[in-house]
Amino acid sequence: MAGQPTVELDERFSSPGAAARPWSEVVTALEKAEIFWLSTVRADARPHVTPLPAMWLDGALYFCTGPGEQKSRNLAANPRCVLTTGSTAYRSGLDIVVEGEAARVTDDAVLHRLAQMWQDKLDWHFDVVDGAFHDPDNPAGSADVFRVAPTKVLAFGKGEPFSQTRYRF
């Protein structure tokens, strides 16, 4: 992702006097978030949504999934997806929606950086073998890693003033 996004407050869905949330605040929230909801589309056009950990690194979100899992099969047919994170509170917090296309990551240097992030943030250890994550506690288990560079991000500030900010890349 190159440069800073274009930022726009949507006044239709914001309280009077609300201001656009700074991109730096959204990045901080993405870096701190532990769980995201990944939305993909099945071959028959039904939606598929599942929670999973994701990591923000170098302007993109990264997540992993087993090659036979539903989300992996969905992404093979249609790489467009959405990752969301936030809180269940209504009067406080920041909910974030990241739209983009998932692309498989096989570069060992990037995978090692990500494996260290999973370890540091979630105490979840992965080895990097043959361009994928491998769980040493489950020798049969491997996970492909995907990168989602945002094309659009929405941030919903909750509590007065409520705000909806759009970031375009």
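Up top you'll find the structure we're talking about.
Residues numbered from 1 in each chain as written. Predicted model: local features only at pLDDT ≥ 70, side-chain atom pairs only at ≥ 80, totals over all residues. Heavy atoms only, no water.

Q: For this particular structure, what's the right way to read the pairing of strand β11 (residues 163-168)?
A: Side-chain positions along a regular strand alternate between the two faces of the sheet. Counted residue by residue, β11 has five buried out of six residues, so it is predominantly covered. Sheet topology note: the strand β1 (residues 6-9)/β11 ladder contains four bridges and is antiparallel. Paired with Leu9 across the strands is Thr165, a residue of β11. Strand direction decides the pairing type here: strand β10 (residues 142-157) and β11, joined by six bridges, are antiparallel. The residue of β11 that forms the bridge with Ala155 is Thr165. (Buried < 20%, exposed > 50% of the residue type's maximum accessible area, 1.4 Å probe, protein only. Helix = DSSP H or I, 4+ residues; strand = E, 2+ residues; numbered from the N terminus. Pairing = 2+ DSSP bridges.)

Q: It is not clear to me how the pattern of salt bridges should be interpreted in this structure. Could you clarify?
A: Note that side chains of opposite charge can pair when their charged atoms are close. Under the defined criterion, the tally for this structure stands at 10 salt bridges. Put simply, Arg166 and Asp10 hold a salt bridge, and the shortest N to O gap is 3.6 Å. Taken as a pair, Arg166 in strand β11 and Asp10 in the loop between β1 and α1 (23-32) lie far apart in primary sequence, 156 residues in all. With relative accessibility at 14%, the residue Arg166 sits in the buried group. Residue classification places Asp10 among the buried positions, given a relative accessible area of 6%. (Salt bridge = Lys/Arg side-chain N within 4 Å of Asp/Glu carboxyl O.)

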